[in-house]
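# Chains, contacts and geometry: an overview
Each chain, letter by letter, is given below.
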Amino acid sequence: MTNFMNKLKNRLRSGLAYLRTSWQKCSLKQKIWWLAGGLAAPLVVYLLIALSSVSAGEVRLAELAGSWTKEKVCHEACASNRRALEEAIIDELTGSTRSARRTARRLEIYFLDEDSDAAFRQRLVSILGRAFGPDDLPPYLSDYLAREDGQADVRAAIIDVYGTAFSPDYYLTVVKGSGETSLKQAAVRALSVYPDKVFNFSAAQLATIGESVFDKTLPQSLRAALVLLLSDYYSLFPTETDKLLRTIYGADKEVDVISRAFAADILNRHGQKTWLLPDISEAQWAEYYNN
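Since the model is a prediction, treat every value here as computed from it, not as a measurement.

Attention now moves to the environment of Y170. Here Y170 lies in helix α9 (residues 168-176). Along the sequence, Y170 and L191 sit 21 residues apart, while their C-alpha atoms lie 10.0 Å from each other.

For the rest of this paragraph, the subject is the environment of W68. Its location among the elements puts W68 in helix α3 (residues 56-70). Of the residues examined, W68 reaches a relative accessible area of 16% and is grouped as buried.

Here we take up the state of the cysteines. In the structure shown here, the tally under the stated rule is one disulfide. Residue C74 pairs covalently with C78 via a disulfide, S to S 2.0 Å. Measuring the twist about the S-S bond at about -105°, one finds the C74-C78 disulfide to be left-handed. Its relative accessible area of 27% is what places C74 among the partly exposed residues.

So, about the pattern of salt bridges. Evaluated as defined, the whole model comprises 15 salt bridges. In this structure, R130 engages E87 in a salt bridge whose closest nitrogen and oxygen atoms are separated by 2.4 Å. Of the two residues, R130 sits in helix α6 (residues 118-132) while E87 sits in helix α4 (residues 76-93), which places them 43 residues apart along the sequence. Overall, the relative accessible area of 36% leaves E87 in the partly exposed class. Note that R269 is salt-bridged to D265, the shortest N-O span being 3.1 Å. With a gap of four residues between them, R269 and D265 both fall in helix α15 (residues 257-270), about one helical turn apart. By relative accessible area, which is 48% here, R269 ends up partly exposed.

So, on to the packing of aromatic side chains. Overall, the coordinates contain 14 aromatic pairs when judged by the stated rule. Cluster of aromatic residues (ring-pair linked, three or more members): F166, Y170, Y171 and Y194. For R82, the ring lying beneath its charged end belongs to W68, and the centroid distance is 3.8 Å. Here the guanidinium or amino end of R260 rests over the ring plane of Y249, the centre of that ring lying 5.3 Å away.

Per-residue pLDDT for the chain averages 84, and the proportion of residues at 70 or more is 82%. Within the model, the stretch residues 1-5 combines pLDDT values under 50 with zero contacts to residues more than four positions away or in other chains. This stretch, residues 39-52, has a pLDDT under 50; its non-local contacts, to residues over four places away or in other chains, come to zero contacts.

Analysis parameters
Residues numbered from 1 in each chain as written. Predicted model: local features only at pLDDT ≥ 70, side-chain atom pairs only at ≥ 80, totals over all residues. Heavy atoms only, no water. Helix = DSSP H or I, 4+ residues; strand = E, 2+ residues; numbered from the N terminus. Buried < 20%, exposed > 50% of the residue type's maximum accessible area, 1.4 Å probe, protein only. Disulfide = S-S within 2.5 Å. Salt bridge = Lys/Arg side-chain N within 4 Å of Asp/Glu carboxyl O. Phe/Tyr/Trp six-rings, centres within 6.5 Å; stacked < 30°, edge-to-face > 60°. Lys NZ or Arg CZ within 6 Å of the ring centre and 35° of its normal. pLDDT = per-residue confidence, 0-100. Contact = heavy atoms within 4.5 Å.

Now the structure itself:
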């Protein structure tokens, strides 16, 4: 070991002596080139390492983000390019490699960026759902859904993709809350397609639905959707649901005519008595379909 260290020291001394002699013999121009190369080399090495560590999915995400930033109006070619990028990102995410993990982390960064476009964020939610399935909700999406200051359309997209990740009670709370209409609509859609209703729906939820139906601030389209939802409850809780539907039907001063008509239709389908459908004008139907 001692002989090895002595030889190493001698070689280092010889090398330094050679470099010192070479430096003294160089012209000023050559010395400048040497210095420039010495300073540039670490930067070049850093760039090469950085570029080599960027995954293909990260590159595709950057391209997709750029498209949403630069192409505000997206025609056929643009839409086709975005679909291709999304498919490539999904393929990258579904792997179990380090590249897949880097892509997933970069997608999270893009989503949490407050400057990201709402529509772009919605696409990221869709990409995650398609890559991992509706039962694998990332914690940061769950946290964002709970944010009252979050973009309503983005929160609605999370509900649309991960509808079974939350309970019916949660969705009814959303409908009853002070959130925007798009978020409440997503909550009603989630309730309409909720699996295993026999295990997840309860008679107690009818009270919340009733309160929302009689809430004068609720848009007519949402009220009507909640009344239609009562058809699913009827087969599970016929007595309680029948009572609520009768109350809705008779409230001609508090409830819009479309919702009352839906209540009568459900009663007719489940009961023995024929309930007369209220008269609905073309203007009232137009108002319902346009809101």
